[in-house]
Amino acid sequence: MTTQEKINELESRQIVLSNEMASSDAHAAKCIKLGLNFGEAYPEELERYKASRDEYNANEVALSDLYTALEKEAQADAADHHIEMMEGQADA
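Residues numbered from 1 in each chain as written. Predicted model: local features only at pLDDT ≥ 70, side-chain atom pairs only at ≥ 80, totals over all residues. Heavy atoms only, no water.

Visitor: Explain helix α1 (residues 3-33) here, please?
Guide: Under the 1.5 Å per step criterion, the end-to-end length of α1 is 45 Å for 31 residues, consistent within 8% with the ideal 45 Å. Of all the positions in α1, only Thr 3, Ile 7, Leu 10, Gln 14, Leu 17, Met 21, Ser 24, Ala 28 and Cys 31 are classed as buried. Two residues or fewer past α1, Gly 35 is found with a positive phi of approximately 80°. (Helix = DSSP H or I, 4+ residues; strand = E, 2+ residues; numbered from the N terminus. Expected span 1.5 Å × (residues − 1). Buried < 20%, exposed > 50% of the residue type's maximum accessible area, 1.4 Å probe, protein only.)

Below, the structure is given as structure tokens:
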């Protein structure tokens, strides 16, 4: 899998995780309005939220690393292209 494909896969996963967290946030807000403790009333949902948040944060670190790798790949490709152009001019 290429670096770009890995980035695309993680970004898609981030959207899913973000939606899961947003759903829990909305549910928690309703609980607060009703005077309920979200974590006590819905412990399983709170655990899913925490798991989604942790995965999301880990993915952000991985994405940062992948974007750095992608930039390095692009720089290496540009350098290779420059060398090829220079060699082509020398042959001419």
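Visitor: In this structure, what is going on with the environment of Glu 60? I would like to understand it.
Guide: Inspection of the secondary structure puts Glu 60 in helix α3 (residues 43-91). Here Glu 60 falls in the partly exposed class, since its relative accessible area comes to 37%. For the pair Glu 60 and Glu 11, spaced 49 residues apart in the sequence, the C-alpha separation amounts to 9.0 Å.

Visitor: Is there a simple way to explain the packing of aromatic side chains in this structure?
Guide: Aromatic rings considered in pairs are described by the distance between their centres and by the relative angle of their planes. Under the defined criterion, the tally for this structure stands at one aromatic pair. Ring geometry for Phe 38 and Tyr 42: centres 6.1 Å apart, planes at 40°, overall tilted. (Phe/Tyr/Trp six-rings, centres within 6.5 Å; stacked < 30°, edge-to-face > 60°.)

Visitor: It is not clear to me how the pattern of salt bridges should be interpreted in this structure. Could you clarify?
Guide: Two side chains that carry opposite charge are able to pair once their charged atoms sit near each other. Here the structure, examined in full by the defined rule, presents three salt bridges. We note a salt bridge from Glu 55 to Arg 13, for which the minimum N-O separation is 2.8 Å. With a gap of 42 residues between them, Glu 55 in helix α3 and Arg 13 in helix α1 connect regions that are remote in the sequence. Given the relative accessible area of 30%, Glu 55 is considered partly exposed. The partner of Arg 53 in a salt bridge is Asp 54, and the shortest N-O contact between them spans 3.5 Å. For Arg 53, a relative accessible area of 33% puts it in the partly exposed group. Among the residues examined, Asp 54 registers a relative accessible area of 45% and is labelled partly exposed. (Salt bridge = Lys/Arg side-chain N within 4 Å of Asp/Glu carboxyl O.)

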